[in-house]
4 protein chains.
Amino acid sequence: MSTETDAQVVPDERPRRGRPRDPDTEVKILGATRAILADSGMRALTVEAVAARAGVAKTTIYRRYRSRHDLALAVLVDMIRTVTAIPDLGDTRRELVQLLRGTLIVLGETLMGRVMQGLVTELASDPYLSRAFRDQVVTLRRGEVARVLERGVARGDLRPDADVALVHELLFGPVYYRLLLSGEPLEPVFADRVVDALLPGLRA
Amino acid sequence: MSTETDAQVVPDERPRRGRPRDPDTEVKILGATRAILADSGMRALTVEAVAARAGVAKTTIYRRYRSRHDLALAVLVDMIRTVTAIPDLGDTRRELVQLLRGTLIVLGETLMGRVMQGLVTELASDPYLSRAFRDQVVTLRRGEVARVLERGVARGDLRPDADVALVHELLFGPVYYRLLLSGEPLEPVFADRVVDALLPGLRA
Amino acid sequence: MSTETDAQVVPDERPRRGRPRDPDTEVKILGATRAILADSGMRALTVEAVAARAGVAKTTIYRRYRSRHDLALAVLVDMIRTVTAIPDLGDTRRELVQLLRGTLIVLGETLMGRVMQGLVTELASDPYLSRAFRDQVVTLRRGEVARVLERGVARGDLRPDADVALVHELLFGPVYYRLLLSGEPLEPVFADRVVDALLPGLRA
Amino acid sequence: MSTETDAQVVPDERPRRGRPRDPDTEVKILGATRAILADSGMRALTVEAVAARAGVAKTTIYRRYRSRHDLALAVLVDMIRTVTAIPDLGDTRRELVQLLRGTLIVLGETLMGRVMQGLVTELASDPYLSRAFRDQVVTLRRGEVARVLERGVARGDLRPDADVALVHELLFGPVYYRLLLSGEPLEPVFADRVVDALLPGLRA
DNA sequence: GACTAAGCGAGACGGTACGTCGCGTCTTAAA
DNA sequence: TTTAAGACGCGACGTACCGTCTCGCTTAGTC
């Protein structure tokens, strides 16, 4: 999925002249990207390699993605989106834990952890990718945290003035700190530890 | 400072024949590194550029540092070490805030933030650099957190069973989340927000 | 003018169904070609650039010309034809000089010199362009030399057995040698020098 | 042979620091160039192909030659130099014929004709190559013509005021006109035809 | 006081990948 | 069927740095 077209939620309605893009091309490119990431990780993810593996010209890739990082991000975002929606479990603590645990699992037990590591420098310093990640991942998570907190407040579990943005950072920051800097393992139980440390400050 | 810590800790005692290393060379290399980082950031920090700017041969650099990242880390660690030691302020909250604020300032108001961004991918994925960063930065901070918590327990402010490692992650994780992923500003007051969110869970 | 001479000679009489070719398109293409040649020379004469400048699709150009070189040749031939016909001046030497001088001026003082330089490799090695140039330029000149020599013979100035083809090569060869290889200037007086060197061998 | 280093006839005496160039590399590059030219001609002569065939990095080629054309020129010049020196044959006509015939043979019967065709556009329009060709080929030939004419004058065969530069152009111009534009064959007897056409104008 | 051994600047070298250019072919919709 | 638009595979470009490798020279201690 291109990180470029998604930004416009309103389906692009301009008349579109010239030969239309072959939708299969997109599939081949992302497939090759995933395959290379799985086989050999970010270091091996070069535009040249993706082109070769997808049986596609380099120019065709550059027409859709600005760089190998943009390509990896498309794959990463796709994966992360799937673990973010949390149903109403009737229990605020459990909901928070589940939200965090999903991320721990994706980053700790799939290739996405390695992808994230290989991507983070660009995510931090390239404005285009930075924006894409924020719009498609950070915002998503903050929204989910907001929903969980709202339900918690409605249940009378939580203080009504809890700061969503802050809670979101306190939840996810430690996870990334482990992934990127401390090297501590991303075990699922870490979700419980973090949530339990924060809840006292959030209780009604 | 070189990240080859062993060399420092046990002052190398083997007889060392041949021409000794010119101590000035080290200075020139790190000076050029800092200059390039200040002028143009991590992207421009190439071994070739450092060699040219320092008036030094590439081989001379490779004799001391494994890569441009190792070079940058040497500069980064040097800077971070200086803000970690926290004196006894008689107030646990203030001590925690000051500890975090130092990091916020170094990362938010000096070139170290950009350096960190440029380095983090390697820090996460290169075992050598990973280890160096953990030994020289993470461990240091955890130690300082431990000292602050101990004093807090001694004062009767904090629960005696507070988990140092976890607190350390909860403090610094959100800061790096901002620096690397969310793009939120590293304003000093963020230290207060984070500390205040955690303290309820730590009180005696 | 298209180099597809056949199309011109026998005015195409087949019924031609579908949308007819817009005659204006031809004009736009050649206009753009000339404009690009004048502005930036052969290096910049790409099919893509011509299409863009003419506001025409690449396919439309390929339907008429095989390549950028074919396009340039069309412009070149157009220009060269205009300077070849020499009237009877009553003086053989003057006629030869004028013939040569026309070429010197076209190649030395208009953009055609640069076009010729940019074209010559293809003219020498692409059979299609090679033939086109010979049919439309070389033959033309040889014919004009033949006419001048005939008049000279009729006047009793020249030997009746003068070799037209050879004289033609001796006249034009040095001009192209200057244009293409020696870099000497194409000054009009060069025509006199060449003619005067050859006439002793041609006199009756 | 590089077209770059030869210009300075005085053997380069500056101290030459750093690792010296491997002389074998030069040999490998030119060998590969010749092989490709022989096998497939100028169209196939790409820097990439030469690098592959010579087992050498592209950068190594670019360190010595500016382009594929420079490379081809080095080979061409090498070949042309060998046929230019004309011994005293005691007969001016025979000397001129032999001089021209050498060129006809090199251009007509070896791969150099094709190389010349593929090169001439660059020779005409790239100032660097233009200069190299003039310095190493045109000048050489003009010098040889001068020597032959001098001997002719000394023998009393030729007018003492014969214009060397002009004669040189009248001799070689027609040969290149055939090679590049008219497509007439470069048969050795053409040398006689040209010389015989010029001699009447040169006789004492 | 010559002999090693290492440090050092310089630059050659093989290599990987980059991002771009222009080619010539194709597929669409509109005219 | 022609046209404008643009997607596409392709080949090659020239460049940037990489990390390693010779060179010649310098600067020590050691024999």
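For the structure itself, look to the data block above.
Residues numbered from 1 in each chain as written. Chains lettered and ligands numbered in written order. Predicted model: local features only at pLDDT ≥ 70, side-chain atom pairs only at ≥ 80, totals over all residues. Heavy atoms only, no water.

**Student:** Please provide a residue-by-residue account of the interface of chain D and chain C, values included.
**Tutor:** Contact residues are listed per partner, giving 40 residues for chain D and 40 residues for chain C. Where chain D abuts chain C, roughly 3,300 Å² becomes buried across the two surfaces, and 60% of that area is made up of carbon and sulfur atoms. Among the residues chain D hides against chain C, the three largest losses belong to E169(D), Y177(D) and L181(D). Together they make up 23% of the total. Summed over the shared surface of chain D and chain C, the result is 6 salt bridges. Notably, a salt bridge pairs R193(D) with D163(C), separated by 2.5 Å at the nearest N-O pair. Taken together, the connections running from chain D to chain C amount to 13 residue pairs in polar contact (both at pLDDT 80 or more). Those elements that place two or more of their residues in the side of chain D that touches chain C are helix 6 (112-125), helix 7 (127-155), helix 8 (164-182) and helix 9 (189-202) of chain D. (Contact = heavy atoms within 4.5 Å. Buried area = accessible area lost by both parts, 1.4 Å probe. Salt bridge = Lys/Arg side-chain N within 4 Å of Asp/Glu carboxyl O. Polar contact = N/O pair within 3.5 Å; in protein donor to acceptor, adjacent residues only side chain to side chain. Helix = DSSP H or I, 4+ residues; strand = E, 2+ residues; numbered from the N terminus.)

**Student:** Which residues make up the packing of aromatic side chains, and what values go with them?
**Tutor:** Aromatic ring pairs: the centre-centre distance and the angle between the two ring planes describe each pair. Using the criterion set out here, one finds 4 aromatic pairs over all chains in the structure. A cation sits over an aromatic face here: R66(B) above Y128(B), 3.8 Å from the ring centre. (Phe/Tyr/Trp six-rings, centres within 6.5 Å; stacked < 30°, edge-to-face > 60°. Lys NZ or Arg CZ within 6 Å of the ring centre and 35° of its normal.)

**Student:** Break down the nonpolar core for me, citing the residues and quoting the values.
**Tutor:** Core analysis: the biggest nonpolar cluster contains 133 residues, and F133(A), L171(A), Y176(A), F133(B), L171(B) and Y176(B) have the highest contact counts within it. Those residues in contact with L171(B) that sit more than four places away from it in its chain are L96(B), L100(B), V145(B), V194(B), V195(B) and L198(B). Within the second largest apolar cluster, 132 residues are counted, among which are I80(C), L123(C), L198(C) and L100(D). (Core = buried A, V, L, I, M, F, W, Y, C linked by side-chain atoms within 4.5 Å. Buried < 20%, exposed > 50% of the residue type's maximum accessible area, 1.4 Å probe, protein only.)

**Student:** Pulling in residues and values, what's your account of the pattern of salt bridges?
**Tutor:** As enumerated under the stated definition, the model contains 65 salt bridges over all chains in all. For D39(A), the salt bridge identified is with R53(A), shortest N-O distance 3.2 Å. One end of the pair, D39(A), is in helix 1 (residues 23-40); the other, R53(A), is in helix 2 (residues 47-54), and 14 residues separate them in sequence. Residue R53(A) is classed as partly exposed on the basis of its relative accessible area of 46%. Here R93(C) makes a salt bridge to D196(C), at a shortest N to O gap of 2.7 Å. Of the two residues, R93(C) sits in helix 6 (residues 92-109) while D196(C) sits in helix 10 (residues 189-202), which places them 103 residues apart along the sequence. The network of salt bridges with common partners includes D88(A), E95(A), R151(A) and R155(A).

**Student:** Any details on the relation of the copies chain B and chain A? Residues and values, ideally.
**Tutor:** For the pair chain B and chain A, the relating rotation is 179 degrees, the translation along its axis is 0.0 Å, and the fit reaches an RMSD of 0.3 Å. In the structure described here, the two chain copies are related by an operation that fits a two-fold rotation axis. Measuring from the rotation axis to each C-alpha of chain B, the shortest distance belongs to G173(B), at 2.0 Å. Here 100% of the interface residues in chain B have copies in chain A that are interface residues too; the copies meet face to matching face. (Least-squares fit on C-alpha atoms with pLDDT ≥ 70 in both.)

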